[in-house]
Amino acid sequence: MSDIKIGVVSCSGEECFGGTISRLATRKVLEDLRLGEAVTICLPLFIAGGEEERNFAKVYPTVAVDGCSKLCAMRATEKYSGKVNAVVKVDEIIGKEKALEKVVSLRELPSDYMELVDKVAQEICKEMDKISSDILKKQAEEELKNSGECSGGCCCCGCK
Ligand code: SF4
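Residues numbered from 1 in each chain as written. Predicted model: local features only at pLDDT ≥ 70, side-chain atom pairs only at ≥ 80, totals over all residues. Heavy atoms only, no water.

Draft legend 1. Main features of the overall build of the protein. Assigned secondary structure in the protein consists of 8 helices and 4 strands. With the principal axes as the frame, the protein shows a C-alpha extent of 65 × 35 × 25 Å. Buried residues in the protein amount to 39% of all 160 residues. Of the contacts made within the protein by residues no fewer than 6 positions apart, 71% connect residues no fewer than 24 positions apart. (Helix = DSSP H or I, 4+ residues; strand = E, 2+ residues; numbered from the N terminus. Buried < 20%, exposed > 50% of the residue type's maximum accessible area, 1.4 Å probe, protein only. Contact = heavy atoms within 4.5 Å.)

Structure follows, in structure tokens:
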């Protein structure tokens, strides 16, 4: 398990299928697939404006998870905190039409919804892994630079 914490911010689309899948997939990542590696905030609370919530994206690298092309989670995070590192676009994974279907209650979800939740959750994990690997690579490069050491061999870094 990586000790890099990553913020996953889901849109709060209550009414449409894409928003519902965003929230369920984000929950699956937080509580199961990346337990302890992912943190999140409540988007409406964030928009309503506590300082702590708004410092969120300054403290953590972030992945926005959005149910449709309005990209509410990405836009709110970038407006109040900082640039997101990645966006998972649920409508591009499950199809635009399906994403916009109305959902009145969780009991009305189609029978295959868990497969779609899994698909989106895997995409979130993929983006998280990319972010962690970029951070670790950067840290390693900086450590090497600060140690003043050269990896040797055919060196063209200008250290000799
Ligand atoms: S991104 Fe789309 S689904 Fe999500 S909250 Fe905004 S309008 Fe609703």
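Draft legend 2. Just the environment of Phe46, in detail. By secondary structure assignment, the location of Phe46 is in helix H2 (residues 43-48). Note on Phe46: relative accessible area 0%, which makes it buried.

Draft legend 3. Spatial organisation of the side chain of Asp66. Among the structural elements, Asp66 can be located in strand E3 (residues 62-66). Buried charged residue Asp66 carries no salt bridge. Nearest counter-charge: Arg75, at 7.3 Å. At 2.7 Å, the side chain of Asp66 forms a polar contact with the backbone nitrogen of Ala73. Looking at Asp66, its side chain comes within polar contact range of the main-chain nitrogen of Met74, at 3.1 Å. Once residues lying within four places of it in the same chain are set aside, the contact partners of Asp66 are Cys11, Ser22, Leu71, Cys72, Ala73, Met74, Val87, Val88, Lys89, Val90 and Asp91. (Lys, Arg positive; Asp, Glu negative; His and termini not counted. Salt bridge = Lys/Arg side-chain N within 4 Å of Asp/Glu carboxyl O. Polar contact = N/O pair within 3.5 Å; in protein donor to acceptor, adjacent residues only side chain to side chain.)

Draft legend 4. View of helix H8 (residues 113-147). In this model H8 runs 51 Å from its N-terminal to its C-terminal C-alpha over 35 residues, within 8% of the 51 Å that 1.5 Å per residue would give. Within the sequence span of H8, burial applies to Leu116, Val117, Val120, Ala121, Ile124, Cys125, Glu127, Met128, Ile131 and Ser132. At the C-terminal side of H8, Gly148 shows a positive phi close to 70°. (Expected span 1.5 Å × (residues − 1).)

Draft legend 5. Representation of the nonpolar core within the structure. Ile21, Ile94, Val120, Ile124 and Met128 are the most contacted members of the largest nonpolar core, which totals 26 residues. Of all the elements in the fold, those that place two or more residues in this core are strand E1 (6-10), helix H1 (17-33), E3, strand E4 (86-89), helix H6 (90-94) and H8. For this core, the leading source of residues is H8, giving 8 residues. In contact with Met128, not counting residues within four places along its chain, are Ile6, Val8, Val29, Arg34, Glu37, Ala38 and Val63. In terms of nonpolar packing, the next biggest core, distinct from the first, is built from 13 residues, Ile41, Leu43, Phe56 and Leu71 among them. (Core = buried A, V, L, I, M, F, W, Y, C linked by side-chain atoms within 4.5 Å.)

Draft legend 6. Main features of the sheet that holds E4. Spatially, E2-E1-E3-E4 is the arrangement adopted by the 4 strands of the open sheet, whose pairing is parallel. Two strands bound the open sheet, and with one partner strand each, they are strand E2 (38-39) and E4. One ladder, built from 4 bridges, connects E1 with E3; its direction is parallel. When the bridges of E3 are listed, Val8 appears paired with Val63. Packed onto the sheet, helix H5 (residues 72-80) meets E1, E3 and E4 and runs at close to 145° relative to E3. (Pairing = 2+ DSSP bridges. Axes fitted to C-alpha atoms, helices over the stretch in contact; angles between N-to-C directions.)

Draft legend 7. Summary view of the pairing of E3. Here E3 lies mainly inside the structure; 5 of its 5 residues are buried. Burial of the side chains of E3 extends over both faces: Thr62, Ala64 and Asp66 are buried on one face and Val63 and Val65 on the other. Pairing analysis gives 4 bridges linking E3 to E4, with the strands arranged parallel. Looking at E4, one finds that Val65 is bridged to Val88. With H5 bridging E3 and its parallel neighbour E4, the resulting β-α-β unit is right-handed. (Right-handed = clockwise from strand over helix to strand, strands pointing away.)

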